[in-house]
Amino acid sequence: MMEKNATSSELWDFFDKYAEGVKTIVEGAQADTGQTPKEVIWTKNKAKLYHYQTETEKKYPVPVLLIYALVNRSYILDLMPGNSFVEFLLGEGFDVYMLDWGIPGKEDKDMSFENYILDYMPRAVKKVLRNSQAEELTLFGYCMGGTMSVMYASLFPDKPLKNLVLLATPTDFTPENAGLYGLWFSEKYQDPDVIVDTFGNVPANLAYTGTAMLRPMANYVGSYVTMWDLLMKEKPMGGWRAMNKWANDPIPVPGAAYKQWIEDFYQQNKLVKGEMKLRGRRVDLSKIKCPVLNLAGEKDHLVFRPQAEATMNLIGSEDKESVILDAGHVGLVMGRGAKKDLWPQVSNWLAPRSE
Amino acid sequence: MSEGEKSRANTDPLELWRQWYDMSLGAWANLLGGNEETYGDPYGLYRSWFDNLRNVREKLEESPAETTNPYETWWQWTEATIETWRRAAEIGTRMTGLIAPRWMEIVGEAQKQILDGGNLPTDPLDFYARLYNAASGPLTKMTDDILRDEAFLEISKRSLDYYAIFDSIFRRASEEYFSNLQLPTTSDMTQTAGLIVALDDKVDRIEEVLEDFEHGYKATAETIDTLEERLDRVERRLDQLDRVESKLDQLLAARGTSSDGGAQTEASRSAPQEESGSST
């Protein structure tokens, strides 16, 4: 009788797990992300500037401003308690801010890099300095946010920019170094005007498909194989849920910025050639003189190592360091590997330069 | 035969195997039939697989005991498949050339992974996990090959272009339809949102100017020192002015006194005269 009950209980348990798995697949993974307490200290259009709050004593007077990309959500940098880069930096005694570009609406289709780099970023920098009562700051750019930070640094190379940290940041868009994107975004196969004229902004789902198709097996199948494995073996699912939620939570990309990204970067590689201009101002990376830490992932399938490493030969800084980690694009910034490798590297590099 | 008996007959592994086999053959025949022009023998792959699988089936039917051994069945199936795809690869048609080597890799790897330890996994989850582990690497390479293929990219571009045309027409028609119904459309909403964004931008610029004004006169130790020095200088001058003022007062007082004294002297001078005159 007891054996029967045990079998029946196991069966119900199996069905519960099965139901949970199916629910996750159908509804999408649910998780509480971006939990570190924060205060919005400035807004402009959809953009928000967060100041992260902590009880840890501030050790360094130079604040860190995180600049995220125009694609995907910025909460990857503050994924969940215990697995958050922001939380780590706060714990180390840094004063942390993040510029979140928000979700563009149809009215933002004309937003270009000029708007973001020449109007939004200088304003956010001023706000950070006033809020933290500092005279200098560190700019930390991730992915496209890194490319934007590099452009900002070349146009505003003097004070208040103290340090520049680049994570998975492409500057060289030579097609041979750019993987599948290099091929897909070539003039032969990609006319951004078709998308921009039709949709205004690049629809979120199209942007998501473009990224997911780089690794279709891992994104469309592998992720759910992992889910079933964790579920059936009753392993903690929090990390998977948060990560899956982020991966399946795309946002539209402003049309004008997308057009620039494809034409000026992927098709004409203007940044490396020194031909990039924002409102007539030439973006010359050799003008960057501040200390630079450039981090890239060996397994990154979105930003390849040569694309990121090229920055080192373009900038004019004397104090510059390039670190290649054994991680992918997202693994660089979150997960066990990031906690062990990237986070301490960033903190150790920044600490003496933030005095 | 009753329905129940039929159903039981369908669960016979040999029968299931036969059904699956017939179905698969049909599917492959259809698929490969589309590439007739590129094949010397359009049904070459089909025939090859058919022959291999027929051998497997004959073996299974000759020794039904083996059908109860899933390990052996799986082994034979994969062997047949590998052999078939090896031949397909040799044929060297375009798409098959892309897919076949990877598919052989998948099947070969699957054979290793699934039969790891000499037994088929009893847990279905374990089975699928092993199958995924075996297939993911080669499948990723295979999809990568396809995604880089010129024909695929050409088709994708055209599909996107056609979809864009279709979407534009549909949007335009929807806009006109809802406008005629006097209902707000997406473009109306976008226009309103654009005005709000522009207003937000203006407010932000005003705020920036005010902040710059407020923080532009930020006192530093240096500016305070300079200011104190200037104040000292002003105070010193004020002191000088005080001294000058007091001197002026004294002078005025002295002048007043002297003018009073003069008057008195005049008065005293004239008084005796008057007195004397009057007296004279």
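Before reading on, note that the structure itself is shown above.
As the structure is a computational prediction, the values presented were derived from the model and not from experiment. (Residues numbered from 1 in each chain as written. Chains lettered and ligands numbered in written order. Predicted model: local features only at pLDDT ≥ 70, side-chain atom pairs only at ≥ 80, totals over all residues. Heavy atoms only, no water.)

Engineer: What exactly am I supposed to notice about the overall build of chain B here?
Structural biologist: Counting its secondary structure elements, chain B contains 9 helices and 0 strands. Of the regular secondary structure in chain B, the N- to C-terminal order runs α-α-α-α-α-α-α-α-α. Contacts spanning at least 24 positions in sequence make up 59% of the contacts within chain B whose residues lie at least 6 apart. Accessible surface for chain B amounts to roughly 19700 Å². Of this, 57% is attributable to carbon and sulfur atoms. (Helix = DSSP H or I, 4+ residues; strand = E, 2+ residues; numbered from the N terminus. Contact = heavy atoms within 4.5 Å. Areas by Shrake-Rupley, 256 points an atom, 1.4 Å probe, with all protein chains shown as cover.)

Engineer: Sorry, what's going on with the packing of aromatic side chains here?
Structural biologist: For any pair of aromatic rings, the description consists of the separation of the ring centres together with the inter-plane angle of the planes. Residues and elements named next belong to chain A. All told, the structure shown has 32 aromatic pairs over all chains when counted by the stated rule. Both rings, one in tyrosine 181 and one in tyrosine 266, keep their centres 6.2 Å apart while their planes meet at 80°; by these two values the pair is edge-to-face. A residue pair is termed long-range when its members are at least 10 positions apart, and tyrosine 181 in helix 5 (residues 179-184) and tyrosine 266 in helix 10 (residues 255-267) qualify at 85 residues. For the pair formed by tyrosine 181 and tyrosine 266, the shared burial category is buried. Between lysine 38 and the ring centre of tyrosine 50, over which it is positioned, the NZ or CZ distance is 5.1 Å. (Phe/Tyr/Trp six-rings, centres within 6.5 Å; stacked < 30°, edge-to-face > 60°. Buried < 20%, exposed > 50% of the residue type's maximum accessible area, 1.4 Å probe, protein only. Lys NZ or Arg CZ within 6 Å of the ring centre and 35° of its normal.)

Engineer: Explain the pairing of strand 3 (residues 64-67) of chain A here, please?
Structural biologist: Moving residue by residue along a regular strand, the side chains alternate between the two faces of the sheet. Residue and element names in this part refer to chain A. A two-sided burial pattern is seen for strand 3, the buried positions comprising Val64 and Leu66 on one face and Leu65 and Ile67 on the other. As paired elements, strand 3 and strand 4 (residues 96-100) share 4 bridges and run parallel to each other. The partner of isoleucine 67 across the bridge, within strand 4, is leucine 99. The handedness of the strand 3 to strand 4 crossover, carried by helix 2 (residues 85-91), is right-handed. Sheet analysis places strand 3 next to strand 5 (residues 137-142), joined by 4 bridges and oriented parallel. Each residue of the ladder has a partner; that of valine 64, found in strand 5, is threonine 138. (Pairing = 2+ DSSP bridges. Right-handed = clockwise from strand over helix to strand, strands pointing away.)

Engineer: Is there a simple way to think about the packing of helix 3 (residues 113-132) of chain A against helix 8 (residues 186-216) of chain B in this case?
Structural biologist: Taken N-terminus to C-terminus, the directions of helix 3 of chain A and helix 8 of chain B make an angle of 40°; their axes are 12 Å apart at the nearest point. In terms of orientation, helix 3 of chain A and helix 8 of chain B fall into the oblique class. In this structure, helix 3 of chain A crosses over helix 8 of chain B, and the sense of that crossing is left-handed. Residues Arg123, Lys126, Lys127 and Arg130 of chain A of helix 3 of chain A touch helix 8 of chain B, and the partners they reach there are Asp204, Glu207, Glu208, Glu211, Asp212 and His215 of chain B. Taken together, the residues of the contact of helix 3 of chain A with helix 8 of chain B break down into no nonpolar, 1 polar and 9 charged. (Axes fitted to C-alpha atoms, helices over the stretch in contact; angles between N-to-C directions. Parallel < 35°, antiparallel > 145°, perpendicular 65-115°, else oblique. Left-handed = near helix turned anticlockwise from the far one by under 90°. Nonpolar A, V, L, I, M, F, W, Y, C, P; charged D, E, K, R; others polar.)

Engineer: Could you clarify how one ought to interpret a negative patch on the surface in this entry?
Structural biologist: A cluster of acidic residues, Glu222, Asp225, Glu228, Glu229, Asp232, Glu235, Asp239, Asp242, Glu245 and Asp249 of chain B, forms a negative patch at the surface. Turning to its location among the elements, glutamate 228 of chain B is positioned in helix 9 (residues 221-279). (Patch = residues over 30% accessible without salt bridge, like charges linked within 9 Å, V, L, I, M, F, W, Y side chains within 5 Å. Salt bridge = Lys/Arg side-chain N within 4 Å of Asp/Glu carboxyl O. Lys, Arg positive; Asp, Glu negative; His and termini not counted. Charge placed at Lys NZ, Arg CZ, Asp CG, Glu CD.)

Engineer: Looking at this structure, I do not really get the pattern of salt bridges. What am I missing?
Structural biologist: Think of it this way: side chains of opposite charge can pair up when their charged atoms draw near. This model, assessed by the stated rule, comprises 38 salt bridges over all chains. With its nearest N and O atoms 3.0 Å apart, the salt bridge here joins aspartate 201 of chain B to arginine 205 of chain B. Placement of the pair is aspartate 201 of chain B and arginine 205 of chain B together in helix 8, with a separation of 4 residues, close to one helical turn. By relative accessible area, aspartate 201 of chain B is classed as partly exposed at 23%. Taken together, the shared-partner salt bridges in this structure form one network comprising Lys44, Arg123, Lys126, Lys127 and Arg130 of chain A together with Asp201, Asp204, Arg205, Glu207, Glu208, Glu211 and Asp212 of chain B.

Engineer: In this structure, what is going on with the interface of chain B and chain A? I would like to understand it.
Structural biologist: By a widespread convention, an interface's size corresponds to the accessible area lost as its parts come together. At the interface, 34 residues of chain B touch 33 residues of chain A. Taken together, both faces of the contact between chain B and chain A bury some 3000 Å²; the carbon and sulfur share is 61%. The three residues of chain B that bury the most area against chain A are Leu125, Tyr132 and Leu147 of chain B, which together make up 19% of that side's buried surface. Residue glutamate 208 of chain B pairs with lysine 126 of chain A through a salt bridge whose shortest N-O separation is 3.2 Å. Applying the counting criterion to the chain B and chain A interface returns 15 residue pairs in polar contact (both at pLDDT 80 or more). (Buried area = accessible area lost by both parts, 1.4 Å probe. Polar contact = N/O pair within 3.5 Å; in protein donor to acceptor, adjacent residues only side chain to side chain.)

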